[in-house]
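# Remarks on the overall topology
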Amino acid sequence: MQQPPEAQEVRGQLARIITSPEFNVPERLRGFLTFVVEETLAGHGDRIKAYSVAIEVFGRTQDFDVQNDPVVRIEAARLRRALERYYLTGGRDDPILIDIPKGGYTPKIHRREGCAAAPDPVAATAPIQDAKPIISERFKQRTFVSRTSTMIAALLLLCVAASVGAVVAHRPDAAIERGNPEVTLFVSPFANLSGTEGALYAAGISDELLNQLARFRELRVISRERPKLVSLGPQLLQPDAVQYLLEGSVRLVDKRLRVSSRLLNGQTAEIIWNEVHERDLQGAERLDIEADIATKVAVAVAQPYGAIFSPTSRDVSARAPAGTDTYVCVLRFYQYRREPTLEEHRVTRDCLSKTVAQNPSYSTGWAMLAYLYLDEDRLGFNRQQQPLAGKVRAREAAERAARLDPSNVRALQALMVVLFYSKEPEAALKIGERALALNPNDTEILAEYGSRLAQSGNRARGLAMIEEAIERNPNQTRYFIAILAQNYYLIGNNERALYWIRRANMSKFANYYLTAALIFARAHLEEETKASVREFLKMRPHFFENFDEELAMRNFNTQDRLILIEGARRAGFPVGAIDY
């Protein structure tokens, strides 16, 4: 039977949780967790009730009405979800587990199976001096969060798996912080246009929306009241240089909830995007409704190819607010990803190279640059005359991006792809799983991870993930549609392969024509096959001189290589003799 954790270990775990970037919650929830853990350690677990939490943590008065004020129940549900997220991501190897079972507020604290107790933990219990005030004054007078001892730190290291995930989570220099040249999104609390119940929904949606938006690291998300717009001639300007502003309102009428949200250009107040969500409140859980609406708004606004990151015109600089050169680079990157071309690759790589030179701690910039370095090799785009190959520089850039910000999904996505092309699929898939857990609403990682799963042999799950990403994000890059078609071709589902390749239609991307030619040839569409062969060879005339090496570089297994080689011959490509 495992030995229960010592108080020192529990306090060390508590400090680890509330200071982790993966535990992305408001200060009041950190106070909530600290209160219930310390009360339990003091032997007062039976006294942890909604009334005591409301007074000690949320500052309610002595006449607090437990029946009519659901604040503790609502915040406890959010805390449970936050703890679950933490233990799926940053805390997946932590030795001490803390959770709050439903039906009460007393935490369950136990040791993870397989992790032994720390030998004689010493009294390194000095309080954290710079901890933020996250609980009521009365509670702060009688509790504190301790630093972990050297012994406990050693135990934690023993319980962490020696995997790529551990490499990603490591910061070699604690002074390095994530660079912040991203586009700034100010989020105003949603206005309540109804009574008391409407205020609860408005507050809940606003809070959940901030948590969802914070997962998209291309944005710098700031919570505040709507900044005052100052009229100056024909334009509206503001002194604090707002780039984008998200606001909304909540209205309740006859048990129906109507939530309106708008994205505005912070400099002109022009409405760039707006959406209305309506819900029937009868028989529905408030928390589920709040989470669902907040997720839909966050995804529509912040995801790749969403309202903020959708390069809608050839001149992407016209899409960005003034003074946001880095944002232009990000837009260029997503434009390039939609349909990779030689020219867009060069321009985007130059733009991002300048960005990271000016902002060396900008994780997202390094991640995007890793893709462009990799494409020098896998697509033959703009190879640089440097001693290191594009794939080597891609790995360096991706690893740097992940070190700078281990919670940046885009950094983990880039590292996953680079590892996969470096013939390390197992490590790549671990990174992909971690990235998806950090932000399940990011359809870019959903599709990218799905494509790697499919190519690794888990085609049922991989294809389902790619199709889900395309369904959830209508602006999703057509690159993944072509990947979908290729995978259906490899498993012999010709009907689905033909359906998806016709939807891809990437007229400027050479590899689209290769996949299309194979699918059209199997479908006996001779004219379309010939046209696709012709276009591909025009763009990549030397590709089949090293066809087997090209397939090997993309980490196709032997069976898939044989299918692709046979298909290329049938389509009429100049495939030479290849031995297996």
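Residues numbered from 1 in each chain as written. Predicted model: local features only at pLDDT ≥ 70, side-chain atom pairs only at ≥ 80, totals over all residues. Heavy atoms only, no water.

### A word on the overall build of the chain
Spelled out, the test is: Each helix is a run of H or I in the DSSP string that is no shorter than four residues. Each strand is a run of E no shorter than two, and both are numbered from the N terminus. Whether a residue is buried, partly exposed or exposed follows from its accessible area with a 1.4 Å probe, protein chains only, as a fraction of its type maximum: under 20%, in between, or over 50%, in that order. Here, residues are in contact when the closest pair of their heavy atoms is within 4.5 Å.
When its secondary structure is counted, the chain shows 23 helices and 10 strands. Out of the 580 residues belonging to the chain, those deemed buried represent 55%. Taking as baseline every contact in the chain between residues at least 6 positions apart, the subset at least 24 positions apart corresponds to 62%.

### Topic: helix H21 (residues 526-539)
The line we're drawing: Expected helix span is given by 1.5 Å per residue-to-residue step, counting one fewer step than there are residues. The reported arc concerns the directions from the helix axis to the C-beta atoms and nothing else.
Helix length check: H21 (14 residues) gives 20 Å between terminal C-alpha atoms against 20 Å at 1.5 Å per residue, within 8%. Inspection of H21 places Thr 529, Ser 532, Val 533 and Phe 536 among the buried residues, and these make up the whole buried set. Each buried residue of H21 lies within a common arc of 100° when the element is viewed along its axis, so the set occupies one face. Those residues of H21 that are exposed and aimed more than 90 degrees away from the buried face are Glu 527, Arg 534 and Lys 538. Residues of H21 that are buried in the fold lie against helix H20 (510-522) and helix H23 (558-571).

### Digging into empty space enclosed by the protein
The rolling of a water-molecule-sized probe over the atoms marks out the regions of remaining empty space. Threshold: Within this scheme a cavity is a closed region of a 1 Å grid, computed over the protein atoms alone, that accommodates a 1.4 Å probe without allowing it to escape, whereas a pocket is open but has protein on both sides within 12 Å along at least five of seven lines; lining residues each have an atom within 4 Å of a point. Grid points are joined across faces, edges and corners, and a volume is the space filled by probe spheres set on the points. For this classification, Asp, Glu, Lys and Arg are treated as charged, while Ala, Val, Leu, Ile, Met, Phe, Trp, Tyr, Cys and Pro are nonpolar and the rest, including Gly, are polar.
One pass over the structure, following the stated rule, counts three cavities of 30 Å³ or more. Roughly 480 Å³ of volume is contained in the largest cavity. Forming the walls of the largest cavity are 30 residues, and the residues nearest its centre are Tyr 479, Ile 483, Gln 486, Asn 511 and Arg 554. Breaking the lining of the largest cavity down by element, the ones donating at least two residues are helix H10 (325-338), helix H12 (363-378), helix H16 (443-455), helix H18 (478-490), H20 and helix H22 (547-553). Residue composition of the lining of the largest cavity, grouped by class: 18 nonpolar, six polar and six charged.

### A few points about the nonpolar core
Threshold: Working definition of a nonpolar core: buried Ala, Val, Leu, Ile, Met, Phe, Trp, Tyr and Cys residues. They are joined through side-chain atoms within 4.5 Å.
Residues Leu 185, Leu 246, Ile 308 and Phe 573 are the most contacted members of the largest nonpolar core, which totals 129 residues. Dropping the residues within four chain positions of it, Leu 246 is found in contact with Leu 185, Phe 186, Val 187, Ser 188, Leu 209, Leu 213, Arg 262, Leu 263, Trp 273, Val 297 and Val 301.

### Thoughts on the pairing of strand E10 (residues 271-280)
Filter applied, for reference: We call two strands paired when DSSP finds no fewer than two bridges between them.
By the bridge criterion, nine bridges tie strand E9 (residues 256-265) to E10 in an arrangement that is antiparallel. Looking at the pairing, Ser 261 lines up with Glu 275 of E10. Counted along the chain from E9 to the antiparallel partner E10, the turn is five residues long, and its residue Ala 269 has a positive phi close to 65°.

### Re the layout of surface pockets
Of the volumes computed, that of the second largest pocket is approximately 450 Å³. Lining the second largest pocket are 20 residues; nearest its centre among them are Ala 76, Ala 77, Arg 80, Arg 81 and Lys 102. In terms of residue count, the dominant contributor to the lining of the second largest pocket is helix H4 (residues 71-88) (eight residues). When the residues that make up the lining of the second largest pocket are grouped by side-chain class, the tally is nine nonpolar, three polar and eight charged.

### Re the packing of helix H8 (residues 196-213) against helix H9 (residues 286-302)
For any two helices packed against each other, one specifies the inter-axial angle together with the distance between the axes. Our working rule: Whenever a helix is involved, its axis is fitted only over the stretch in contact; in every case the axis is a line through C-alpha atoms, and angles between N-to-C directions fall within 0 to 180 degrees. Angular relationships are summarised with four words: roughly parallel below 35 degrees, roughly antiparallel beyond 145, roughly perpendicular across 65 to 115, and oblique for the angles in between. By definition, any crossing whose near helix is turned counterclockwise from its far helix by less than a right angle is left-handed, and any crossing with a clockwise turn is right-handed.
Running from amino to carboxyl end, H8 crosses H9 at an angle of 45°, the nearest separation of the two axes being 8 Å. If you check the angle between H8 and H9, you find them oblique. Handedness of the H8/H9 crossing: right-handed. Contacts between H8 and H9 involve Glu 197, Leu 200, Tyr 201, Gly 204, Ile 205, Glu 208, Leu 209, Gln 212 and Leu 213 from the first element and Arg 286, Ile 289, Glu 290, Ala 291, Ile 293, Ala 294, Thr 295, Val 297, Ala 298 and Ala 302 from the second. Partitioned by chemical class, the residues of the contact of H8 with H9 number 12 nonpolar, three polar and four charged.

### Observations concerning the packing of aromatic side chains
We apply this condition: Only rings of Phe, Tyr and Trp enter the pairing, Trp through its six-membered ring, and a pair is recorded when the two centres are within 6.5 Å. The plane angle decides the type: under 30 degrees is stacked, over 60 is edge-to-face, the rest tilted. Geometrically, a lysine NZ or arginine CZ counts as sitting over a ring once it is within 6 Å of the ring centre and also within 35 degrees of the ring normal.
As enumerated under the stated definition, the model contains 21 aromatic pairs in all. Judged by centre distance (5.2 Å) and plane angle (65°), the rings of Tyr 305 and Tyr 334 are edge-to-face. Here Tyr 305 is found in the loop between H9 and H10, whereas its partner Tyr 334 is found in helix H10, with 29 residues between them in sequence. Grouping residues by exposure puts Tyr 305 and Tyr 334 together as buried. Summarising the aromatic geometry, the rings of Tyr 512 and Tyr 513 are spaced 5.0 Å apart at their centres and angled 65° between planes, so their arrangement reads as edge-to-face. By relative accessible area, which is 8% here, Tyr 512 ends up buried. You can call Tyr 513 buried: its relative accessible area is 12%. One cation-aromatic arrangement involves Arg 286 over Tyr 201; the distance from NZ or CZ to the ring centre is 4.9 Å. Of note, Arg 522 hangs over the ring of Tyr 489, and the distance from its end group to the ring centre comes to 3.8 Å.

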